[in-house]
Amino acid sequence: MTARDLWQAFSRAGLDPDALALGDLTRRTAVARVTELAERLRARGVRPAETVGLQGPNQPEWVLGLLALTAAGACPLLLPADSPPAETRRLLRTAGARRTLVADPDGTDWAVLSSQDAGADRGLTGDADSEAATRHAPGTVLLASSGSTGTPKVVARSQGSVLDEGVRYHRAGLARPADSVLLPLPLSHAYALGWLAGALVAGAHVDPVPPRAVGAVHERLRQRATVLVTVPGLARVLARRRALTDDAPYPALRRVMAGAGYVDAGLDALWTRTLGVGVSRNFGSSETGAVLWGEPGLPSGAVGHPMPGVRVDLLDPDGTPLPGAAQGELAVVLEDGSTHRLHDLADRDEHGVHRILGRARLGVVRRGARWVSTMEVESVLRAAPGVADVSVTATGPDDSDDQGLTVEYVPADAELAAPRLVQAYARAELAAYKVPDSFQPRYRLRRSAVGKAQAAPVYRVARAGARPDTPAEQVLAAALTELGLPPLLADGGTAADLARTAGLRAEVLSPVLDTACALGLLDTDTDTDTDSAGAPGAWAYPPDAVPAGRALAARVRGEAAGEGPRLPAAPAGPPPPDAGLRAAVEELLAEAAVDGPLLEIGDGDVPPSADAEYGACVVLGGVHGPAARLGSLAALLRPKGLLVVADTFVADPLALTDAASRVTVVRWLVDGHLHWWTPQELRAGLEAVGLRVEESHGTAHAPYTILAARKPS
């Protein structure tokens, strides 16, 4: 590869200018748009080596923005689209970025350079000549990496390093010139960047689509995609989608690659059975890019052999490479001769196949004379009946020879996934020394866009100027004050720490604190500077916010809250299902194959006993809580029966951007409806109780979404 940077790799001579290169854009068109944007950036004062944030949805425009920044010599900081505002601010400060290029394919001007401080669409303010902004070589790519801890950090990768990774994909035959590489995963992630580089090096077509955009994935698989790049969690969702499986196998699809997570034999078998293509494995780090890969059919947790051009060693505790079959810490020697210790533990069999055990001193736990991989335990417990999501962590000192294991999981049904039943499942499926000590139900687990469990955030009072101006904010301020949390929040603490100190229910307190962050009252920014203007004592709210605040506080204490009072100056909740929504549900039922009687359950209705069998069950506005009960709904259906849910949802509990979502979420908190805030969460819950989600879409009757799930025959 002779190109010196990503832009040269994309625009080099010898590639067909009229062939599709990026989404639906030909290479000629894409090159022209990048050239025009790079000139605009230079005209706006972007200079070589300046750090500029890059943010936007997973669309071709994001890739055009990356290429334009590198063409202008800037250092792009790849900002995760799912980061809350506080985290984005922290990443921009850490990298010394004063400006952000926002790629919005739906905007009149698809790429807008904005100021970090002013946030204006076109104004430029701030010191763009700061020392922090020029500390990297021109064109350095800055990645916001969560590692395995969920704590964001900035990792610098030279373009030569990124291109070297692309050459590995090309030399391994993973990215070929005739390929159409489908990328439905966050483009800001190191895993996606490596595959993008591989496609650029090979001269292949790149097709970025939003994560979980199943319809777009289905369309591309039918049209042209030859390689699908995904992560294990998304791969599980895709392999169960009726639209994808009904049209499988796809003639052009030759490889499915899953990285950035634990791939087990069950996922491999699921893809092979439903789509005719097993799951290849990929492993690497933000600093090194991908360094291991393997063909389908490997055992659970195995990721195969080193990629071309790199050497992978296993080190003993003294740092000495171990020969042959061994177990130790991964170390990688890259093409440029640099050595990187990855702080991951792995074993290597007699055939040279590596199996990842987990992060040293985090994902691998010493229990007596044996090592336990938390990823393996998670993989097993994810299949437990009624478990929608699960995270396993070590407890006790890192240097202990007998650490504990704690399981936090989201139950799809409080009875089906009671702690004693999940523990019994663990004992039946795992060796005794691998069985965790504690099983804690939770309403939600914090995960990154690629499915990694994130560290528990430290909550603090928001920076100066935060005020509870809206009714939703005022209710939360009243609840936090009623709980006596402002003095504790001034110093900061995790939900578990705050609950332990104040005697509260951590699982209920956590979504309350997350919502307070989304509304701007609290912050998880470690650099937050609180002063008298932003201190909790300054929270002022009217008396009519107090009843709802007290009701919410009672739930956090574990007390009976009674009927949730009306939020001040706001409707009690979303409007009831109207005739239009019912018509949409009836249309869906008319198109579906329904055999047997129909049952309708409204919000607050009590389902009948599970001994009745229905051909279809329609739930209108009653799925959110206060307890998970999806198993009881599934039990109402006869084989091949259909469950249709029409309810209100929010897109992201950590980023409530519109007033209606803010009121809805606070209403749910006051009423104790703590489950299934997003359609994705409900989908995972339905699958956990044995249903297969066939359809999920928004409606013209906002704020409702309709999901349809089938009971297997």
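Here's the deal with the overall build of the chain
Stage number 1. On a plain count of helices and strands, the chain comes out with 21 helices and 31 strands.
Stage number 2. For the chain, buried positions account for 55% of its 713 residues.
Stage number 3. Looking at the chain alone, contacts between residues at least 24 apart form 67% of all its contacts between residues at least 6 apart.
Stage number 4. On the chain, roughly 27,900 Å² of surface is accessible, and the fraction owed to carbon and sulfur atoms is 51%.

Re the pairing of strand S24 (residues 438–441)
Stage number 1. Bridge count for strand S23 (residues 404–411) against S24 is 4 bridges, and the pairing is parallel. Counterpart to Thr406 in the pairing with S24 is Ser438.

Observations regarding helix H10 (residues 265–275)
Stage number 1. Burial in H10 covers these residues: Leu267, Asp268, Leu270, Trp271, Thr274 and Leu275. Down the axis of H10, the sector holding all buried residues measures 160°, keeping them to one side.
Stage number 2. Contact partners of the buried residues in H10: strand S11 (227–230), helix H8 (232–239), helix H9 (242–247), strand S12 (255–258) and strand S13 (279–285).
Stage number 3. Backbone geometry just downstream of H10 places Gly276 in the positive-phi region, at approximately 80°.

Some thoughts on the sheet that holds S23
Stage number 1. Here 3 strands make up an open sheet; going across it, the order is S22-S23-S24 and the pairing mixed. At either margin of the open sheet sits one strand with a lone partner, and together these are strand S22 (387–395) and S24. Across the sheet, the axes of successive neighbouring strands diverge by a mean angle of 20°, strand direction being ignored.
Stage number 2. Judged from the 8 bridges that link them, S22 and S23 form a sheet pairing that is antiparallel. Across the sheet, Val390 pairs through a bridge with Tyr409, a residue of S23.
Stage number 3. Here helix H12 (residues 419–429) sits on the sheet in contact with S22, S23 and S24, set at roughly 135° to S24.

Re empty space enclosed by the protein
Stage number 1. Taken as a whole and judged by the stated rule, the model has 1 cavity of 30 Å³ or more.
Stage number 2. As a volume, the largest cavity reaches approximately 40 Å³.
Stage number 3. Forming the boundary of the largest cavity are Leu37, Arg40, Leu41, Arg44, Leu101, Ala111 and Leu113.
Stage number 4. Looking at the lining of the largest cavity, the elements with two or more residues in it are helix H2 (27–43) and strand S6 (111–115).
Stage number 5. Considered class by class, the residues forming the lining of the largest cavity number 5 nonpolar, no polar and 2 charged.

Overview of the sheet that holds strand S7 (residues 141–145)
Hydrogen bonds between backbone atoms are what pair the strands of a sheet, whose relative direction is either parallel or antiparallel.
Stage number 1. Sheet architecture is open: 6 strands sit in the order S6-S5-S3-S4-S7-S8, paired in mixed fashion. The outermost strands of the open sheet, each flanked by one partner alone, are S6 and strand S8 (153–157). Each neighbouring strand pair of the sheet contributes to a mean axis angle of 30°, computed without reference to strand direction.
Stage number 2. Relative to strand S5 (residues 99–103), strand S3 (residues 51–55) is paired through 4 bridges, and the arrangement is parallel. Counterpart to Val52 in the pairing with S5 is Arg99.

A closer look at the pattern of salt bridges
Stage number 1. Within this structure, the stated rule accounts for 34 salt bridges.
Stage number 2. For Arg99, the salt bridge goes to Glu50, with nearest N and O atoms at 2.8 Å. With Arg99 in strand S5 and Glu50 in the loop between H2 and S3, the pair connects residues that are 49 residues apart, well separated along the chain.
Stage number 3. Residue classification places Glu50 among the buried positions, given a relative accessible area of 1%.
Stage number 4. The partner of Arg255 in a salt bridge is Glu295, with the nearest N and O atoms 3.0 Å apart. With Arg255 in strand S12 and Glu295 in the loop between strand S14 (289–294) and strand S15 (302–306), this pair connects stretches of sequence that are 40 residues apart.
Stage number 5. The class for Glu295 is partly exposed, based on a relative accessible area of 40%.

A few points about the packing of aromatic side chains
Stage number 1. Per the counting criterion, the structure on display carries 3 aromatic pairs.
Stage number 2. On the basis of an interplanar angle of 40° and a centroid distance of 5.9 Å, the ring pair of Trp668 and Trp677 is categorised as tilted. Across this residue pair, the class does not change: Trp668 and Trp677 are buried.
Stage number 3. One Lys or Arg, Arg33, reaches over the ring of Trp110 and ends 4.7 Å from the middle of that ring.
Stage number 4. In this arrangement the basic side chain of Arg444 is found over the ring face of Trp677, its NZ or CZ atom lying 4.4 Å from the centre.

Let's talk about the packing of helix H5 (residues 159–171) against helix H6 (residues 190–202)
Stage number 1. At their nearest, the axes of H5 and H6 sit 7 Å apart, and the two run at 70° to each other. With respect to H6, the axis of H5 lies roughly perpendicular. Considering only the axes of H5 and H6, their crossing is right-handed. Here Val162, Leu163, Glu165, Gly166, Val167, Tyr169 and His170 of H5 come into contact with H6, specifically with Tyr191, Leu193, Gly194, Trp195, Ala197, Gly198, Val201 and Ala202.

Conventions we followed
- Residues numbered from 1 in each chain as written.
- Predicted model: local features only at pLDDT ≥ 70, side-chain atom pairs only at ≥ 80, totals over all residues.
- Heavy atoms only, no water.
- Helix = DSSP H or I, 4+ residues; strand = E, 2+ residues; numbered from the N terminus.
- Buried < 20%, exposed > 50% of the residue type's maximum accessible area, 1.4 Å probe, protein only.
- Contact = heavy atoms within 4.5 Å.
- Areas by Shrake-Rupley, 256 points an atom, 1.4 Å probe, with all protein chains shown as cover.
- Pairing = 2+ DSSP bridges.
- Arc of directions from axis to C-beta.
- Axes fitted to C-alpha atoms, helices over the stretch in contact; angles between N-to-C directions.
- 1 Å grid on protein atoms, 1.4 Å probe; cavity = no way out; pocket = protein on both sides within 12 Å on 5 of 7 lines; lining within 4 Å.
- Points joined across faces, edges and corners; volume = space filled by probe spheres on them.
- Nonpolar A, V, L, I, M, F, W, Y, C, P; charged D, E, K, R; others polar.
- Salt bridge = Lys/Arg side-chain N within 4 Å of Asp/Glu carboxyl O.
- Phe/Tyr/Trp six-rings, centres within 6.5 Å; stacked < 30°, edge-to-face > 60°.
- Lys NZ or Arg CZ within 6 Å of the ring centre and 35° of its normal.
- Parallel < 35°, antiparallel > 145°, perpendicular 65-115°, else oblique.
- Left-handed = near helix turned anticlockwise from the far one by under 90°.

Just geometry here; none of it tells us what the structure is for.
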